Structure formats: C-alpha cells, structure tokens
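Structural features, examined
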Amino acid sequence: MIVDEERYELNGREVVLRCPRPEDADMLIEYLKLVTGETRFLFCESDEVEYTTESELEFLKEHNEAEDALLLLAFVDGEHAGNCSFNSKGGASRRAKHRAEVGIALRQRFTGLGLGRLMMESLMKHVEAAGYEQAELVVVESNDRAYHLYETLGFKECGRIPNGNKYDDGTYLDDIFMIKKF
Ligand SMILES: CC(C)(COP(=O)(O)OP(=O)(O)OC[C@H]1O[C@@H](n2cnc3c(N)ncnc32)[C@H](O)[C@@H]1OP(=O)(O)O)[C@@H](O)C(=O)NCCC(=O)NCCS
C-alpha cells in the first residue's frame, strides 16, 4: 500500500517517512548489504544479499500495490536512515490473514537516536489501520535495544527457537518470538 508521506522533528533533525519509489531500488540493495554486515541481528549475512535492480523493483512494486503490506523508508535530514515494513502472514490461507509480520532495520549510524521508536510507532498505526488483529516479529537473543523497544510498544515474548541462528564463527543465538495484540 502507499500511505501519505509523514514528517517529524527528532532532536532538531527532520525525519521523513515515505513509501519507496523506483529510483530508490539500487540504493536499497546497497543499504541491505550494509546493514546485514553491520549487525548479527538481521536475517542473513551480507554476502547472501544477492538482489538485482529488477528483483528489487519488483519487491518495491509488490509492497506499494499490496492492500495488506507496507514498506516505509526513513530519511533524516534528507539521508536514507533505514526501513520498516509489514506483511501479511496469511499467504494462501485465510486463517493467518489477521497476523502481520513486522520488521525494522536502521543503518548503524542512525541507531540510538530515537528513530526506531518513531518509525515503529508509525508502523503500528498503519498495521492497525490495515485491519490486522496482531503484529508479530522475531528478535535475536541479546538484541537488547530492539527487545526493549518492542516490549515498551506492547509486544510480549511468546516463545523461542533455541540456537535459531548459527553464525560463521560457530556461535549460536536464539530466535525470540514476540506478539502485540491490538
Ligand atoms: C533495533 C533498532 C530498530 C532500534 O532503533 P533505535 O533508533 O536504535 O532505538 P531507539 O533510539 O529508538 O531506542 C529504543 C529504546 O532502546 C533503549 N536502549 C538502547 N540501548 C539499549 C540496550 N543496550 N538495552 C536495552 N535498551 C536499550 C533506548 O533507551 C530506547 O528506550 P527508551 O525510548 O525507553 O529510552 C535499531 O537499533 C536497528 O535497526 N538496529 C539494527 C538492526 C536490528 O537490530 N533490527 C531489529 C531486528 S529485530
């Protein structure tokens, strides 16, 4: 879906949240390669990001055209800082259409400024307005900043996959499932 651009002020800096445009595609591939390398807490390793301009354009189009999904880009003083999104867990089944999967990732240098909270608050508003009954996410064990953020937004831990992540150095971290009901 496409929502109206939102503007905020955060500690004297201008924050713009908006939906993606086709000209964002290559920048977003570079962003994904960067953020997956900056943290152990995202879904894959940096060298596993293999999107092409065409596949990214398709991904952006799908989000903008879907009635049950949203991708929001955040810009701080005109610089891209990160993304957040939601998608239906429904797929082909009606039974899970009340469930939204949400996600967020900021470039490292834009973390710790309060931007994640601002973005998640906006995202939750859109998830609820889209008619979802609950929002769900997965956070990796020891991502304390994310866990705290989600908990204070009303998410509750509801389960874990022990050793859900195995890293190249042979260490493991659990996946923690969290859910927020509207
Ligand atoms: C997780 C992420 C979205 C949080 O956004 P952010 O802008 O950095 O976080 P904020 O500045 O809004 O701070 C969130 C809260 O965490 C708190 N916090 C910061 N560091 C913390 C820590 N080590 N332990 C616990 N809480 C912490 C902050 O004080 C703030 O809480 P408050 O508003 O109650 O004071 C962002 O850091 C990020 O994208 N990280 C990399 C990718 C990632 O981990 N994505 C999430 C995957 S589940």
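Okay, so let's go over this structure.

**Focus: the environment of His 98**
- Relative to the elements of secondary structure, His 98 occurs in the loop between strand S4 (79–88) and strand S5 (99–106).
- Take His 98: its relative accessible area is 24%, and that puts it in the partly exposed class.
- Spatially, the C-alpha atoms of His 98 and Tyr 132 are 4.8 Å apart, while their sequence positions differ by 34 residues.
- Once residues within four sequence positions are removed from consideration, His 98 is found in contact with Tyr 132, Glu 133 and Gln 134.
- Looking at His 98, its side chain comes within polar contact range of the main-chain oxygen of Arg 95, at 3.2 Å.

**Considering the nonpolar core**
- By size, the foremost hydrophobic cluster in this structure holds 37 residues, and its most contacted members are Val 102, Leu 115, Met 120, Leu 123, Val 127, Tyr 150 and Phe 155.
- Within the residue set of this core, elements represented by two or more residues are strand S2 (13–18), strand S3 (70–76), S4, S5, helix H3 (115–129), strand S6 (134–140), helix H4 (144–152) and strand S8 (172–181).
- For this core, the element with the highest residue contribution is H3, accounting for seven residues.
- Setting aside residues up to four positions removed in sequence, Met 120 forms contacts with Val 102, Ile 104, Leu 149, Tyr 150, Leu 153 and Phe 155.
- Within the second largest apolar cluster, 13 residues are counted, among which are Tyr 31, Leu 60, Phe 75 and Ala 105.

**Overview of the pairing of strand S7 (residues 156–166)**
- Bridge count between S7 and S8: seven bridges; the pairing is antiparallel. Across the sheet, Glu 157 pairs through a bridge with Met 178, a residue of S8.
- Taken together, S7 and the strand that follows it, S8, pair antiparallel across an intervening segment of five residues, in which Gly 170 is found at a positive phi of about 90 degrees.

**A look at the environment of Leu 137**
- Note on placement: Leu 137 falls in strand S6.
- Placed 76 residues apart in sequence, Leu 137 and Lys 61 show a C-alpha to C-alpha distance of 23 Å.
- Once you skip the residues sitting within four places of it in the chain, Leu 137 turns out to touch Glu 101, Val 102, Tyr 150, Phe 155, Ile 176, Phe 177 and Met 178.

Cut-offs and rules
Residues numbered from 1 in each chain as written. Predicted model: local features only at pLDDT ≥ 70, side-chain atom pairs only at ≥ 80, totals over all residues. Heavy atoms only, no water. Helix = DSSP H or I, 4+ residues; strand = E, 2+ residues; numbered from the N terminus. Buried < 20%, exposed > 50% of the residue type's maximum accessible area, 1.4 Å probe, protein only. Contact = heavy atoms within 4.5 Å. Polar contact = N/O pair within 3.5 Å; in protein donor to acceptor, adjacent residues only side chain to side chain. Core = buried A, V, L, I, M, F, W, Y, C linked by side-chain atoms within 4.5 Å. Pairing = 2+ DSSP bridges.

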